[in-house]
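# A closer look at the structure
Residue-level listing of the chains:
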Amino acid sequence: YIKTNQLSDRSVIVQMFEWTWLDIAAECENFLGPNKYGAVQTSPATENVIVRLNTTRPWYERYQPISYKLTTRSGDEAAFLNMTTRCNKVGVRIYVDVVFNHMTGSHNESIGTGGSVATTQNNSYPGVPYTDEHFHHPECEISDYNNATEIRVCQLSGLKDLNQTIPYVRQKIIDYLNNLIDLGAAGIRVDAAKHMWPEDLNEIYKNLHNLNTNHGFRRNSRPYIYQEVAKDGVVTYNDYKDMGDITEFTAGNEIAQFFSGQKPLKNLSFYGGTGLDMMPSENAVVFVDNHDTQRASGILTYKNETIYKAALAFLLAHPYGQARITSSFYFTDFDEGPPANADESIKGPVINSNNQCTQESGWVCEHRWDTVARMVRFRNEVHKTQVANWWDNGNNQIAFSLDNKGFIAFNLEGTAMNTTLQTGLPAGTYCDIRSGKVQGTTCSGKIVAVSNTGQAIVTLSADELYLAVHVGTDS
Ligand code: LAG
Ligand code: CA
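Description of the structure in this document. Predicted model, so just to flag it, every value in this text is computed and none were measured.

For a regular strand, the rule is simple: side chains alternate between the two faces of the sheet. Going residue by residue along strand β19 (residues 455-460), you find A456, V458 and L460 tucked away on one face and Q455, I457 and T459 left uncovered on the opposite face. As paired strands, strand β14 (residues 417-422) and β19 are joined by six bridges and run antiparallel to one another. Within β19, the residue paired with T419 across the bridge is V458.

See the structure below:
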């Protein structure tokens, strides 16, 4: 029983924020499969209300469902099936972001990406169909996060709040989720999970189909479920953890503080523990940023490229939690949507000769960055090991091994580092995957020579933030 349904030699989820289904399918074949990514988290697949701001279709319209028809700017149901089929074939699982706490906000006129309409004044959504009786009354806005009932029955940002305690509503949601599963999805990211009663979610989850064996899943495989439970107020992960995994927002917050110099790296020895108020590793989905936090403050993103890469290296090296990275589009305003053509269709990425997405195409493609892709391999190689040989200089230099499979050292001291450390690794000559990679029989980067006793001299200049080596890069 593997709860994530990922292949045994894979371990990382990549959120392909706003990518189209056909672009994800191609990316599975061209990059994600060959580089052994475990799974893709897609944007919501259900038809959403069209929102037009002055110059953009905001990304957030996709969090306002208008029906459960699978037609969005990412593609239709046929394209979705094309994606699951092609990604599963190269060993990359599809987890879908599912939005069923609510429908749309209030709009004067509501037309969906699949042609459905709604009259939000009357809570009328004929595309499902839902009518007024299927929503929570009286309508209220969530303001007191110390009130568990209000969090579940009032509206999140004015979004029409569905009453999942009604069997009819649950059945509509179950049918929609089962459609995704039958189409080859391997899991779901449950949007706004803390805004729904755990008992209602449990009823929904219990009724989900097993994964579709035509897509290569073992018989009786259950969908992987991970739930969005933000850390504020009285509702905590505890009420949800027995039904599925939980997003652990503290990881990204802490990593940002450590890697931007607000806390000394040595205290990362507490990472993943209760001292930093982090849930048990087995429950946690962890990330440096996601599509929401990268639009907020106090989080590292592609906009701080060098530090962000080091932060991702830490996330991916440390065994805590199920790791997820985010693949973004460039943006300046909060609401700005994905790169689009004049007809509002989403533009595809353009790949240059270095295998990177071009900035002109509008896509950042963090998942293609050399150091990120190599750290994904690192995580796969050290999968299921523990932190060992922890070392720090009492301040901003740290190092640790992953049993005898991998070793990583960070230097944010601002001065050079030159120290003999225990790497835990078998003797050999290893190739640092930040500064280079193994090419045939040579290493294009820094070499780490591990002695018969497992020791190596670790040298990092003031602006080299880390080095990482793992078995398989040695000679
Ligand atoms: C989530 N996780 O639990 C998503 O990760 C997050 O992106 C979603 O909010 C949220 N839950 C609801 O699904 C996003 C934006 C909101 C946006 C909402 C609906 O962060 O800003 O609200 O999606 O599109 C927007 C406007 C609001 C307005 C509302 C209703 O920003 O000002 O009140 O729409 O019209
Ligand atoms: Ca609710």
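Let's shift gears to the coordination of the calcium ion (ligand 2). Surrounding the calcium ion (ligand 2) are the protein donor atoms N101 (OD1), R152 (O), D161 (OD), D161 (OD) and H195 (O), at 2.4 to 2.6 Å. By relative accessible area, R152 is classed as buried at 3%.

Next up on the list: the nonpolar core. Grouped together as the largest cluster of nonpolar side chains are 125 residues, with contacts concentrated most on F100 and F259. Other than its neighbours up to four places away in sequence, F259 contacts L265, L268, L300, I307, A310, A311, F314, F410 and L412. Listed in part, the 15 residues of the second largest apolar core include F407, M417, L421 and L460.

The end-to-end C-alpha distance of helix α2 (residues 77-89) is 18 Å, a good match for the 18 Å that 13 residues give at a rise of 1.5 Å each. Of all the residues in α2, the buried ones are A79, F80, M83, T84, C87 and N88. Seen from one end, α2 has its buried residues packed into an arc of 155 degrees, which puts them on one side. Opposite its buried face, α2 presents the exposed residues A78 and K89, each directed more than 90 degrees away. Here the buried face of α2 lies against α1 (21-32), β2 (39-42), β3 (93-98) and α4 (167-182). Capping of α2 at its N-terminal end is provided by D76; its side-chain oxygen lies 3.2 Å from the backbone amide nitrogen of A78.

On to the sheet that holds strand β9 (residues 284-286). One closed barrel accounts for eight strands, arranged β1-β2-β3-β6-β7-β8-β9-β10; its pairing is parallel. Averaged over all pairs of adjacent strands, the angle between their axes in this sheet comes to 30 degrees, without regard to strand direction. Together, β1 (12-16), β9 and β10 (322-327) form the strand contacts of helix α7 (residues 305-317), whose direction differs from that of β10 by roughly 155 degrees.

In spatial order, the strands read β11-β12-β13-β20; together these four strands make up an open sheet with antiparallel pairing. Pairing within the sheet leaves two strands with one partner each, and these edge strands are β11 (387-392) and β20 (466-470). Between one strand axis and the next, the sheet turns through 10 degrees on average, direction left out of account. The pairing of β11 with strand β12 (residues 397-402) spans four bridges and is classified as antiparallel. Across the sheet, residue W391 finds its bridge partner in β12, namely A399. Lying over the sheet, α7 contacts β12, β13 (406-411) and β20, oriented at roughly 145 degrees with respect to β13. Along the sheet, helix α8 (residues 370-382) makes contact with β12, β13 and β20, crossing β20 at roughly 45 degrees.

We now examine the state of the cysteines. Tallied over the entire structure, the rule returns four disulfides. Across the disulfide, C140 is cross-linked to C154 (sulfur-sulfur distance 2.0 Å). Across the S-S bond linking C140 and C154, the dihedral sits near -95 degrees, which makes this disulfide left-handed. Of the two residues, C140 sits in the loop between β5 (117-118) and α3 (148-153) while C154 sits in the loop between α3 and α4, which places them 14 residues apart along the sequence. When the cysteines engaged in disulfides are numbered in sequence order, the protein pairs them as 1-2, 3-4, 5-6, 7-8.

Let's shift gears to the pattern of salt bridges. Going through the model one piece at a time under the given rule, you end up with 25 salt bridges. Here D9 makes a salt bridge to K36, at a shortest N to O gap of 3.6 Å. Placement of the pair is D9 in the segment before β1 and K36 in the loop between α1 and β2, with a sequence separation of 27 residues. When its relative accessible area of 35% is taken as the criterion, K36 is described as partly exposed. Among the ionic pairs, R189 bridges to D191, the shortest N-O distance being 2.7 Å.

Attention now goes to the site of ligand 1. Residues in close proximity to ligand 1 total 16 residues, the closest being Y60, S157, D191, A192 and D292. Here an oxygen atom of ligand 1 sits 2.6 Å away from a polar atom, N or O, in the main chain of Y60. Its free accessible area being 660 Å², ligand 1 has 75% of it covered by the protein chains.

A separate point is the side chain of Q356. For Q356, the position within the fold is in the loop between β10 and α8. At 2.9 Å, the side chain of Q356 and the backbone oxygen of R368 are in polar contact. Beyond its immediate stretch of four places on either side in the chain, Q356 contacts V350, I351, R368, W369 and D370.

As a further point, take the environment of S116. For S116, the position within the fold is in the loop between β4 (110-111) and β5. Residue S116 is classed as buried on the basis of its relative accessible area of 12%. Each C-alpha atom of the pair S116 and S401 lies 54 Å from the other, and the pair is 285 residues apart in sequence. For S116, the residues in contact, after removing those within four places along its chain, are E47, I66, S67, S110, I111 and G127. Of the polar contacts made by the side chain of S116, one reaches the side chain of E47; its length is 2.7 Å.

The next point concerns unusual backbone geometry. Going from V128 to P129, the amide bond is cis rather than trans, its omega being -5 degrees. Take P129: it is sitting in the loop between β5 and α3. The omega torsion across H137 and P138 is -10 degrees, close enough to zero to call that bond cis. For P138, the location among the structural elements is in the loop between β5 and α3. Within the chain, N123 stands out as a residue other than glycine whose phi angle is a positive 55 degrees. The topology assignment puts N123 in the loop between β5 and α3. The exposure class of N123 is buried, given its relative accessible area of 1%.

What counts and how
- Residues numbered from 1 in each chain as written.
- Chains lettered and ligands numbered in written order.
- Predicted model: local features only at pLDDT ≥ 70, side-chain atom pairs only at ≥ 80, totals over all residues.
- Heavy atoms only, no water.
- Buried < 20%, exposed > 50% of the residue type's maximum accessible area, 1.4 Å probe, protein only.
- Helix = DSSP H or I, 4+ residues; strand = E, 2+ residues; numbered from the N terminus.
- Pairing = 2+ DSSP bridges.
- Donors = N, O, S within 2.8 Å, 3.2 Å for Na, K, Ca; no water.
- Core = buried A, V, L, I, M, F, W, Y, C linked by side-chain atoms within 4.5 Å.
- Contact = heavy atoms within 4.5 Å.
- Expected span 1.5 Å × (residues − 1).
- Arc of directions from axis to C-beta.
- Polar contact = N/O pair within 3.5 Å; in protein donor to acceptor, adjacent residues only side chain to side chain.
- Axes fitted to C-alpha atoms, helices over the stretch in contact; angles between N-to-C directions.
- Disulfide = S-S within 2.5 Å.
- Salt bridge = Lys/Arg side-chain N within 4 Å of Asp/Glu carboxyl O.
- Near = heavy atom within 4 Å.
- Areas by Shrake-Rupley, 256 points an atom, 1.4 Å probe, with all protein chains shown as cover.

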